[in-house]
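# Structural description and commentary
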Amino acid sequence: MVTGSKFRFSEEYKIKSELTISTKLGLSDAPFTYFRLGRGTDISKESYDCPVLYIGTDGFGVFNLNENDTEHMSENALLYVAPKTLCGMSAGTESGLSYIEILLEKEINMNSVLKAGEVTKLKNLLDYEKGSITNLDLIGQDNLKFMIMAFDEGCYLSEHRAPGEAIVFALEGKGVINYEGTDYEVNEGDNFKFEKNALHSVKAVGRFKMALLLVK
């Protein structure tokens, strides 16, 4: 993950056949891990004492919850798992699976649109509003915020500085991120990393949706 440049998790950290690989993401000291499961591989069920957030980044697979519940995971899908819930993962037989695992604090502010144990496509959680930017906070805690934003055509965020490191997930359409004076076009599936206090703006080209993971 190079700061100030467009990237894709699927290209930066590739899935490798028959291997399960985990990499700590360098976002401050936050407990973020990037997992890649090769075709047909799996991770046995385990549970955490804290809530866990999973964000799909590439491929296809199944999350197996408790005894018999299954949820299908794919790119830009989100799964919230409650504390002490058994959870295992199985990659698809064709493409493998990659996702980000985020261990959350025990006390968090969570939007009621998120249902524990249900996979949701991020872009389906928020509609466009004419001439507006719409924001939906999904997860909030002292050192972390995760939100999605929908920009109607021509809408933009003026230049500003964020109070922490951040990753953008482009969910739908096309946008232009100006980062420290340079424009970067981002399309569905692209990612972009900001450094703390870096000057940036975001403008929609047509309609545009994105998710933002901010680590304070």
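On a predicted model such as this, the values are computed, not experimentally measured, just so you know.

## Regarding the overall build of the chain
A count of helices and strands for the chain gives 1 helix and 18 strands. Relative to a compact globule of 216 residues, whose C-alpha radius of gyration would be 17 Å, the chain shows 17 Å and is just as compact. Taking all 216 residues of the chain together, 50% fall into the buried category. Looking at the chain alone, contacts between residues at least 24 apart form 67% of all its contacts between residues at least 6 apart. For the chain, the exposed surface amounts to about 10,100 Å²; the carbon and sulfur share of it is 43%. A distance of 2 Å separates the average location of the 23 positive side-chain charges in the chain from that of its 32 negative side-chain charges.

## Quick notes on unusual backbone geometry
Phi is positive for Lys 84, which is not a glycine, with a value near 65°. Residue position: Lys 84 is located in the loop between strand S7 (77–81) and strand S8 (87–91). Its relative accessible area of 60% is what places Lys 84 among the exposed residues. We note that Asn 197 has phi near 65°; this positive angle belongs to a residue other than glycine. Mapped onto the fold, Asn 197 is located in the loop between strand S17 (191–194) and strand S18 (199–215). The exposure class assigned to Asn 197 is partly exposed, which follows from its relative accessible area of 41%.

## Comments concerning the environment of His 160
By the element assignment, His 160 lies in strand S14 (residues 156–161). Taking the C-alpha atoms as reference points, His 160 and Leu 125, 35 residues apart in sequence, are found 26 Å from one another. Discounting chain neighbours no more than four positions away, the residues touching His 160 are Ala 198, Leu 199 and His 200. Polar contacts involving the side chain of His 160 include one to the main-chain carbonyl oxygen of Ser 158, which spans 2.8 Å.

## Some remarks on the pairing of strand S3 (residues 32–37)
Counting buried positions along S3 yields 6 of 6 residues, so the element is predominantly enclosed. Taking every second residue as pointing to the same face, both faces of S3 are buried, with Phe 32, Tyr 34 and Arg 36 on one and Thr 33, Phe 35 and Leu 37 on the other. Relative to S3, strand S2 (residues 20–24) runs antiparallel, the two being bridged by 5 bridges. Within S3, the residue paired with Thr 23 across the bridge is Tyr 34. With 6 bridges joining them, S3 and strand S9 (residues 97–103) adopt antiparallel strand pairing. Within S9, the residue paired with Thr 33 across the bridge is Glu 101.

What counts and what doesn't
One numbering rule holds for all chains: residues counted from 1, following each sequence as written. Whole-chain, interface and lining totals are the exception, using all residues; otherwise, since this is a predicted model, local features are given only for residues with pLDDT of at least 70 and side-chain atom pairs are given and counted only at 80 or more. Remark: hydrogens and water are excluded; side-chain values derive from all non-hydrogen atoms of the structure. Each helix is a run of DSSP H or I of at least 4 residues and each strand a run of E of at least 2, with the numbering of both proceeding from the N terminus. The globule rule used here is 2.2 Å times the number of residues to the 0.38 power, and the radius of gyration it is set against is calculated over C-alpha atoms. We call a residue buried when its accessible area falls under 20% of the maximum for its residue type, exposed when it is over 50%, and partly exposed in between, using a 1.4 Å probe and counting protein chains only. In this analysis, two residues are considered to be in contact whenever any of their non-hydrogen atoms come within 4.5 Å of each other. Surface accessibility in these figures is a Shrake-Rupley result with a 1.4 Å probe; residues are shielded only by whichever protein chains are displayed. His is not counted, nor are the chain ends; Lys and Arg add positive charge and Asp and Glu add negative charge. Taken as the charge centre is NZ of Lys, CZ of Arg, CG of Asp or CD of Glu, depending on the residue. Here a polar contact means two N or O atoms within 3.5 Å. Within protein one must be a hydrogen donor candidate and the other an acceptor candidate, and residues neighboring in sequence count only if both atoms are side-chain atoms. Here, strands pair whenever DSSP counts at least two bridges between them.

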